[in-house]
Structure formats: C-alpha cells, structure tokens
Amino acid sequence: MSNADRPWYRRLHWQVFIAMALGILTGAVFGEPAAARIGWIGDLFMELLRMIIIPLVLTSIIAGVATVGGGSTIGRLFSKTLGYYVLSSSLAVVTGLALVNLIRPGVGSDIGGAVSQELPELSTPSSPIELLFDVVPENVIQAAANTEMLAIIFFSIVFGASISVLPERTRTILTDLFDALFQTMMKLTNGIIFFLPLGVYGLITTMVGTTGFSAFRALAFYVVTLGAGLTVHLFIGLPLLLILLGRISPKIHFANMREPLLVAFSTSSSGATLPVTMAAVEEKVGVSNRVGSFVLPMGATVNMDGTALFECVGALFIAQALGFDLSLVQQAVVVLTAILASIGAAAVPSAGLVVIFIVLEAINLRGPEVNVIVGSMLAIDRPLDMYRTAVNVFSDSCGAAIIARSEGETEVDQVAR
Ligand code: ASP
C-alpha cells in the first residue's frame, strides 16, 4: 500500500506532526529533565542517519556517474548544477538584503539583555586553495571516516567516471554491482525512515526543553526579519524557480518533499537529512539517480540558500546593532561573502553561525562586542537553524527537479505521492 492510500494516522508525515506536537508538550511541561531522559532517542536516530550517509553517497554517485559516463554529459550536468546553486543562493541573499534594509532589525536593539553562549568549534576552509585541498583527499578511507563530504564526492565521481570507460564486460559487472549496492542502501534508508516519528519526538523534546524563551524578546526583530526572509524564499523565491525554470507545480513538489522537510526541521542538519532527501527526490519526485546523485550530495554540502540568507541578515543585523551604516560597496561585500560562507558551512547544526565571522571579517567587524552579539544569537539559534536547514534542503530538491526536467525527465513531479 502506498503512503497516499493509507488512513491519515498511518501516513508518515501525520505521525511526524503528532510526534512534534508531543515533543513540544513534553519539552514545555518537563523542561531540561525531559531533554536529559528522552534526548537519547533523537541522538540515536541521528546516528542511524549518519551511519548510512557515506555508503549511500558513495554507491549512489558511483552508480549514477558510471551509467552517465565521463566527458561531455558529466560536464553538462556539472555546469547546470553549479549554475543553479549560484542562482538560488544569490536570490536568497538578495531577499535577505532587501528585508534587513527594510525592517532594520538591529537599529536600537537591546542585546545586553540576551543570554550569551560560547560558539562550538568547527573548522572551515580559510581560502579557495584550502577548499581545493579539502576536495582532493590524501586518503579516501580517512576522508570517509571523518565524513569529509566534498572529498568523498570527488572520489566517487572520478571512480564512477573510470568505470564508465572500462571494456564492456568489466564495466557491466561494476555498474551492476554498484547499482545493486545503491538499491540496498535505499532499502536501508527507508527502514530507518520508518522510525522517523520516534526520532523527531526525541529531537523536538530536547530542543524545547533546553532553549530558553527570554532571549527571544531582545532579538525579536532579528528573529522576525530572518523568519520573513526564509519564508519569502521558501514560499515565493524557490517556487518561482520551479515554475519558471522547470515548469513544475510547487504544490506537488512540496507534497513530495514533506518528509525531508520535516527531517531537516527536526535535525537541523542537511547532512543527516541527505538519505531522506535522496529517497524522496528519487522515489517520490521521480528524479533519476543519474541526476539526483549528482545534485543532492554536493548540494547538501555547498548549496545552502537558508544559510546564505542568514549570513547576510545576521551580519547586517550586527552592523546595525553596533551603529554602523554600511555603504553600498560594503553591502555588496556582505552579499558575496555570505554566499562563500554558506558554501564553507558544514551541513551540521549551528555551522552557519560559526562561519558568520567570515562575513564580519570582510567588513572589518570584530572585537568583544561582536562576540557577545554572536553569542546571544547562538542562544536562540536552534529554531532558526531548523528553519534555514529546511530551506537548504528544499533548494537542493528544487535544483534536482529542475535539472532533471531540463534533461528530458518528463515524469518529474507529475503527481504527489
Ligand atoms: N544547519 C544548517 C544545515 O545543516 C547549516 C547552518 O547552520 O546554517 O544545513
């Protein structure tokens, strides 16, 4: 029985909504102790998702590229993918820029009242050359062990391309083998998705139980501006791209992407959501593995529209709060570095807030006051992170659907499944 034929309470997204409501209730009523008791369920679910990321990405890309072949087809897919990433991220940043100039959330804000927190330590590439060294692994096994996604993607692409130029007999053996391995990983992914409501319950209980609400008041305008920006991009910007570039109904695409959106929202990690995104884009949206395996793993790592929008709004908010009026040139620098920072951000919770220093450095904003404001933003970052992660994931799926259509895949998003 397919998901759509089941009574509502047996449909996964309804189960997840109920789990969210129960999680909010448990977290609000019992607070921190509930998070301490129930949090492990969410952590275990995240671990299950992380467990399958590397084998899923490896087998999916190798199987996809081996059948696409090297040479011009790969080159074409690559240019379309990069073109889409740049277009959607730029649209996101410009939306954020317009709203932050309109609402001016930082002007006169009283950050002193907000709670300040220490930032987690995450490493980010400091220059384009360093990024190149991140892409080419010195040791593939080590790169896999450290979940270095760009390195794994690079290796899988060149490995798949090498299979595609083998003599027919060996090529068929290997394409069949990797295709079978990929199908197995998809089955495993669906098995894990079965436990989604439980995982979401644990994650949401922890989030509500540990996030204080008082800090929200001091940063209310910032929260509103960012929320509005993400909403405009999710419900207007990206749907417009779907309609104009792919002739795809946004309503159908949203319906097919329900599960990854809910997982992104609950986990705050595009990386952990990737298996669910790949399953939905290929099984529900109807994109081939050839395109999906190309656009999605790379997208989860480098194409982060929500994060790019957040970098822009966040940096300009800090500048406004400190009383700086940025010139047009400085704002242009913010736009550019916001996109670069979103590329450098890891697909894990809070990564976006860590790389905001790249944007701030570019306009010479540093010092203890800046750190206090960023620390206060961290105190309330989780719900915002949940939302921007959902936007990040949705943009990747829109890219996959649009590119698949442009490659002649006419069945994409014809029906909501
Ligand atoms: N949590 C986001 C993601 O995984 C990154 C961010 O913090 O903006 O997509």
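Residues numbered from 1 in each chain as written. Predicted model: local features only at pLDDT ≥ 70, side-chain atom pairs only at ≥ 80, totals over all residues. Heavy atoms only, no water.

A.B. asks: Give me the lowdown on unusual backbone geometry, citing residues and values where you can.
C.D. replies: You will see that Ser350, though not glycine, has its phi angle at about 70 degrees, which is positive. Mapped onto the fold, Ser350 is located in the loop between α15 (328-344) and α16 (351-354). For Ser350, a relative accessible area of 16% puts it in the buried group. For Asn364, which is not glycine, the phi torsion reads 65 degrees and is therefore positive. Tracing the backbone shows Asn364 in the loop between α17 (356-362) and α18 (368-379). In this structure Asn364 comes out as exposed when scored by relative accessible area, which is 55%. (Helix = DSSP H or I, 4+ residues; strand = E, 2+ residues; numbered from the N terminus. Buried < 20%, exposed > 50% of the residue type's maximum accessible area, 1.4 Å probe, protein only.)

A.B. asks: Requested: an account of the packing of aromatic side chains, with residues and values cited.
C.D. replies: For the coordinates displayed, the defined rule picks out eight aromatic pairs. A ring pair is formed by Phe159 and Phe178, whose centres lie 5.8 Å apart and whose planes are at 75 degrees; its orientation type is edge-to-face. Of this pair, Phe159 sits in helix α5 (residues 149-164) while Phe178 sits in helix α6 (residues 168-193), and the two are 19 residues apart along the sequence. The buried category is assigned to Phe178, whose relative accessible area is 14%. One aromatic cluster in this structure is built from Phe155, Phe159 and Phe178. Taking NZ or CZ as reference, Arg388 lies 4.0 Å from the ring centre of Phe310, over its face. (Phe/Tyr/Trp six-rings, centres within 6.5 Å; stacked < 30°, edge-to-face > 60°. Lys NZ or Arg CZ within 6 Å of the ring centre and 35° of its normal.)

A.B. asks: Which residues make up the site of the ligand, and what are the values?
C.D. replies: What surrounds the ligand is a group of 15 residues, the closest being Ser270, Thr307, Gly352, Asp385 and Arg388. In this structure, Gly352 approaches the ligand through a main-chain N or O atom, which is 2.7 Å from an oxygen atom. One of the side-chain nitrogen or oxygen atoms of Asn392 is found 2.8 Å away from an oxygen atom of the ligand. For the ligand, the accessible surface in isolation is 270 Å², of which the surrounding protein chains cover 100%. (Near = heavy atom within 4 Å. Polar contact = N/O pair within 3.5 Å; in protein donor to acceptor, adjacent residues only side chain to side chain. Areas by Shrake-Rupley, 256 points an atom, 1.4 Å probe, with all protein chains shown as cover.)

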